Amino acid sequence: KHINDTRKNYLITLHNIYNNITNDMIISDEILFNEYLQFIYCYVFPLSYQGKNNTEILSLQCKLYRKLFPCLNYTSKYLNSIKITNKIKIGFISTNFFNQSVSRDRMGIIRNLPRELFDVTVFFYFKPNDDLGNFIWDSDNTNIILPDTNIFERRSIIEEQKLNILIYCDI
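Described in the following lines is the structure provided in the data block. (Residues numbered from 1 in each chain as written. Predicted model: local features only at pLDDT ≥ 70, side-chain atom pairs only at ≥ 80, totals over all residues. Heavy atoms only, no water.)

**Let's talk about the packing of aromatic side chains**
A full pass over the atoms with the stated rule returns five aromatic pairs. Ring plane angle 70° and centroid distance 5.2 Å describe the contact between F33 and F69, whose orientation is recorded as edge-to-face. In this pair, F33 sits in helix α2 (residues 30-35) while F69 sits in the loop between α4 (55-68) and β1 (88-93), placing the two residues 36 residues apart along the sequence. An identical accessibility class is assigned to F33 and F69; each is buried. Considering the side-chain rings of F98 and F126, the 5.9 Å spacing of their centres and the 35° angle between planes classify their relative orientation as tilted. Here F98, found in the loop between β1 and α5 (101-112), pairs with F126, found in the loop between β2 (118-124) and α6 (131-137); they are 28 residues apart in sequence, far enough to count as distant. Through pairs of rings, three or more aromatic residues link up here, namely F33, Y65, F69 and F152. The positively charged end of R111 is found above the aromatic ring belonging to F135, 3.7 Å away from the centroid. For the cation-ring pair, R155 lies above Y74, with the distance from its terminal atom to the ring centre recorded as 3.6 Å. (Phe/Tyr/Trp six-rings, centres within 6.5 Å; stacked < 30°, edge-to-face > 60°. Helix = DSSP H or I, 4+ residues; strand = E, 2+ residues; numbered from the N terminus. Buried < 20%, exposed > 50% of the residue type's maximum accessible area, 1.4 Å probe, protein only. Lys NZ or Arg CZ within 6 Å of the ring centre and 35° of its normal.)

In structure tokens, the structure reads:
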């Protein structure tokens, strides 16, 4: 009951904020946006452990963030040039490619994708130093360690890979 009540209140709060945004609330500066990243993440993570359908909450949350942070409304310069040639270019990104449930869940998918059909790229935030992370690292992938800078520089590195599919693996 507590989880259901909290989810309902959170959804109501998201609607209220979304419907009452004023221009002075909009963060258009990319540097200031970086300060809000923890705020964005902390409200999403617990949803994955509640065993509920999060579509409505996540959809509204995404709309809210795109309204509050116009820098998220980005279209890659490569969008119209990305084609599927002889292999589908698929990427996986996570801050949790180490001894963690995300690695245990995704490593089988990443390692078992047929390489004759998929060109696999894995984006790490740091080089793994444990068995599970190394199990993914040592697969037949292109491994890229994203710089410890900001979301915009990381986005640029990711988009330069010209992927057909990008899978976010944190939740």
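**Focus: the sheet that holds strand β4 (residues 165-168)**
One open sheet accounts for four strands, arranged β3-β2-β1-β4; its pairing is parallel. Edge positions in the sheet fall to β3 (142-145) and β4, since each has one partner strand and no second. The mean inter-strand angle of the sheet, taken between neighbouring strand axes irrespective of direction, is 20°. Pairing analysis gives four bridges linking β2 to β3, with the strands arranged parallel. Residue pairing across strands places F124 opposite I145, the latter belonging to β3. (Pairing = 2+ DSSP bridges. Axes fitted to C-alpha atoms, helices over the stretch in contact; angles between N-to-C directions.)

**Overview of the pattern of salt bridges**
Counted by the stated rule, this structure contains two salt bridges. Its salt-bridge partner being D5, residue K1 comes within 2.8 Å of it at the nearest N-O pair. The class for K1 is exposed, based on a relative accessible area of 74%. R154 is paired through a salt bridge with D148; the nearest N and O atoms lie 3.6 Å apart. (Salt bridge = Lys/Arg side-chain N within 4 Å of Asp/Glu carboxyl O.)

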